[in-house]
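Topology and contacts: notes
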Amino acid sequence: MISITDMESRMYAKPQEVEEYLKQNSGRPYISCEYMHAMGNSLGGLSLYTDLEDKYEAYQGGFIWDYIDQAIETKNDDGKTVLAYGGDFEDRPSDYGFCTNGVIYADRTYSPKVQEMKALYSNIRMSIQNGMLTVENRNLFADTNNLSFVVRLEKNGVVLKSDTFSLNVPAGESKTMKLTLHKIDSTGEYVYHVSAVTADQTLWADAGHEIAFAQEVFEVKDIQIPETTLQKPTIVYGDVIIGVHGENFSMMFDKKEGGISSLKYNDFEYITRTPKVSFWRAMTDNDTGASEPYNLAQWYAAGKFAKYKTVSWLEQEDALKITFTYQAACVPTFEFTVTYTAHFDGKLGVSVNYAGVSGMSDMPILALDFKMKKQLCNFQYYGLGPDENYSDRCKGARLGLWKSTAKENLSGYLNPQECGNRTGVRTLSVHDDMQHGLTFQKASAPFEMSVLPYSAYELENAMHLDELPSVRYTWVRIAAKQMGVGGDDSWGAPVHEAYRIHADQPMKLEFVIMPLRS
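Structural notes, computed from the coordinates.

Criteria and cut-off values
- Residues numbered from 1 in each chain as written.
- Predicted model: local features only at pLDDT ≥ 70, side-chain atom pairs only at ≥ 80, totals over all residues.
- Heavy atoms only, no water.
- Helix = DSSP H or I, 4+ residues; strand = E, 2+ residues; numbered from the N terminus.
- Rg over C-alpha atoms; globule rule 2.2 N^0.38 Å.
- Buried < 20%, exposed > 50% of the residue type's maximum accessible area, 1.4 Å probe, protein only.
- Contact = heavy atoms within 4.5 Å.
- Areas by Shrake-Rupley, 256 points an atom, 1.4 Å probe, with all protein chains shown as cover.
- Lys, Arg positive; Asp, Glu negative; His and termini not counted.
- Charge placed at Lys NZ, Arg CZ, Asp CG, Glu CD.
- Pairing = 2+ DSSP bridges.
- Axes fitted to C-alpha atoms, helices over the stretch in contact; angles between N-to-C directions.
- Salt bridge = Lys/Arg side-chain N within 4 Å of Asp/Glu carboxyl O.
- Core = buried A, V, L, I, M, F, W, Y, C linked by side-chain atoms within 4.5 Å.
- Patch = residues over 30% accessible without salt bridge, like charges linked within 9 Å, V, L, I, M, F, W, Y side chains within 5 Å.
- Arc of directions from axis to C-beta.
- Phe/Tyr/Trp six-rings, centres within 6.5 Å; stacked < 30°, edge-to-face > 60°.

1. Some remarks on the overall build of the protein
Scanning the protein from terminus to terminus reveals eight helices and 31 strands. A compact globule built from 518 residues should have a C-alpha radius of gyration of about 24 Å, and the protein, at 25 Å, falls within 12% of that. Considering only C-alpha atoms, the protein reaches an extent of 80 × 65 × 50 Å along its principal axes. Within the protein, buried positions represent 51% of all 518 residues. Here the analysis covers contacts within the protein between residues at least 6 apart in sequence; of these, 66% occur between residues at least 24 apart. Surface summary for the protein: the accessible area is close to 25000 Å², and the carbon and sulfur share equals 50%. Charged side chains of the protein number 49 positive and 68 negative; the gap between the two group centres comes to 5 Å.

In structure tokens:
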């Protein structure tokens, strides 16, 4: 076929489709005139496109659709100023929220999607391996004389040392240097963190504006297990309740409700209702466009309406282990368990065990939801941040110690949907203004989590943010894994296979709960 154009351009071609063209070596560069439909919680899998830059010279990128949400500021029936979209003006026919597809919100504030796009679009690429920093300058003309490099050594999210240096890398070249902040004398998780920032104020950014970053994470382990002397708490085996009462803590496990119904530290109650396993997330715009509400519907009922079946317990030398067995409300059905380990030092181990099932669609999420008091709305975590991130949208996230609130963590997607997730979480502390709170700590592997003023089911039921009810609780969701959010398009493209959760895959969620302060 004879081409009549100097370049190849397509709309919403999938990464593998773009690569198929690039492999032909046609001699014509490729640019997606539109790609990565940024509607709602989106831009998952953007790295699958930007990775093509490293493999094919002919790949020239593309144009994300689009820059900003289109919405109109108006007043709702209650006189509250809101952002309205298609269908809110009795306009028929309508595409409804289909124009809310920007990486920037309609009020010109950044959405969490910017975090990913900024990192993957940077012309400065950095990596750290064994303490050696490599800086690659992908600019065509500018060197890095206008940048400063800030290096930090962190331990468990806390900065131990920092330094600033200059490194001039000519356009199109790379340089490697050894980082010298290397004195490490105790166990813990360490991070080398390097930021490339603007050295001076420019027309478009203040001095210190970050252009790119890189991290290397490494751990110094202590194989010694400290010896402790524990005083056995009082254990009461009642007809309905199994109680564990120790110094400054109390736990009650309910044989009728099928889980923990009371957790007190220093006489402060943290449980409002028994935590529930959930396999469901509030469907995103991309989920809806790909018919996932239909495809995955059984997972909604599987957890929400699961039947509690049995309870068993085992008293050990230093803990009481109680296992609750549930049967999922779906066809085919399956059993799953929630095990609480009441350690005699007051810590509470939690384990959700899912053995896998054949004949079900892919799973949206495996999580345990805690319905906590409204005032427990502040949180700090050590994990990937600062903004929300997902398995297919975490290249722009970095390991660190971050703070937020449940309200701030509710993303401003005009159609409420899954939001606020964090991956790679080591510890999460949730507390009130008086520092009453709980710490959720990884057991063996990091977990995913969100802290929001609404449950997944409340988000699912609203079409606008102002439809959400008044805040009554703080919802803490601890997840073993959640599928990605996708973004190739919003009208049929599913989340990429690598970021989906197959139902026949066994999974376990494990973490430990302890008081924020003893």
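2. Let's talk about the sheet that holds strand 21 (residues 335-343)
In spatial order, the strands read 19-20-21-22-31-28-27-24-25; together these nine strands make up an open sheet with antiparallel pairing. Edge strands, defined here as strands with exactly one partner in the open sheet, are strand 19 (307-315) and strand 25 (398-405). Between one strand axis and the next, the sheet turns through 20° on average, direction left out of account. Pairing between strand 27 (residues 427-431) and strand 28 (residues 437-442): five bridges, direction antiparallel. Across the sheet, H431 pairs through a bridge with G437, a residue of strand 28.

3. Some thoughts on the pattern of salt bridges
Counted under the stated rule, the structure contains 18 salt bridges. The residue R152 makes a salt bridge to E154 at a minimum N-O spacing of 2.9 Å. Residue R152 is classed as partly exposed on the basis of its relative accessible area of 23%. Its salt-bridge partner being E210, residue R398 comes within 2.6 Å of it at the nearest N-O pair. Pair noted here: R398 is in strand 25 and E210 is in strand 12 (residues 210-220), with a separation of 188 residues, a long-range link. In this structure, R398 and E210 share a single accessibility class: buried. Overlapping salt bridges, with partners in common, bring together E53, D54, R125, E136 and R138 in one network.

4. What about the nonpolar core?
Core analysis: the largest hydrophobic core is formed by 65 residues, its most contacted members being F253, W299, L428 and F440. Residues within four places of L428 in sequence aside, it is in contact with F379, Q380, Y381, L438, T439, F440, F447, M449, V451, V476 and I478.

5. Looking at the pairing of strand 24 (residues 378-385)
Most of strand 24 sits out of view: seven of its eight residues are buried. Direction of pairing for strand 24 relative to strand 25: antiparallel, over a ladder of eight bridges. Note on strand 25: the bridge partner recorded for Y382 is L401. In terms of strand pairing, strand 24 meets strand 27 through five bridges, oriented antiparallel. Pairing of F379 across the sheet is with V430, part of strand 27.

6. Brief notes about a negative patch on the surface
Among the surface-exposed residues, D77, D78, D88, D466 and E467 lie close enough to one another that they form a single negatively charged patch. If you trace the backbone, D466 turns up in the loop between helix 8 (456-460) and strand 30 (473-482). The partly exposed category is assigned to D466, whose relative accessible area is 30%.

7. A short note on helix 7 (residues 297-304)
Where helix 7 is concerned, the buried positions are W299, A302 and G303. An end-on view of helix 7 places all buried positions within 75° of arc, on one side of the element. On the buried face of helix 7, the contacting elements are strand 18 (276-278), strand 21 and strand 22 (348-354).

8. So, the packing of aromatic side chains
Taken as a whole and assessed by the stated rule, the structure comprises 33 aromatic pairs. Ring centres of W280 and Y300 lie 5.4 Å apart, and the angle between their planes is 75°; on these two criteria the pair is classed as edge-to-face. Here W280 is found in the loop between strand 18 and helix 5 (285-289), whereas its partner Y300 is found in helix 7, with 20 residues between them in sequence. Arranged with centres 6.1 Å apart and planes meeting at 75°, the rings of F324 and Y340 form a pair that is edge-to-face.

9. Re helix 4 (residues 113-121)
All of the buried residues in helix 4 are K113, V114, Q115, E116 and L120. Contacts made by the buried residues of helix 4 are with helix 2 (46-50), strand 6 (124-129) and strand 24.

10. Focus on the side chain of H37
Checked against the element boundaries, H37 lands in strand 2 (residues 30-37). Aside from chain neighbours lying at most four places away, what touches H37 is Y12, S42, W65, F98, N101, N286, G487, D488, D489, S490 and W491.

11. Notes on the environment of F149
Its location among the elements puts F149 in strand 8 (residues 147-155). For F149, a relative accessible area of 0% puts it in the buried group. Residues F149 and F218 lie 69 residues apart in sequence; the distance between their C-alpha atoms is 21 Å. Setting aside residues up to four positions removed in sequence, F149 forms contacts with M126, V135, T144, D163, T164, F165, S166, L167, V194, S195 and A196.

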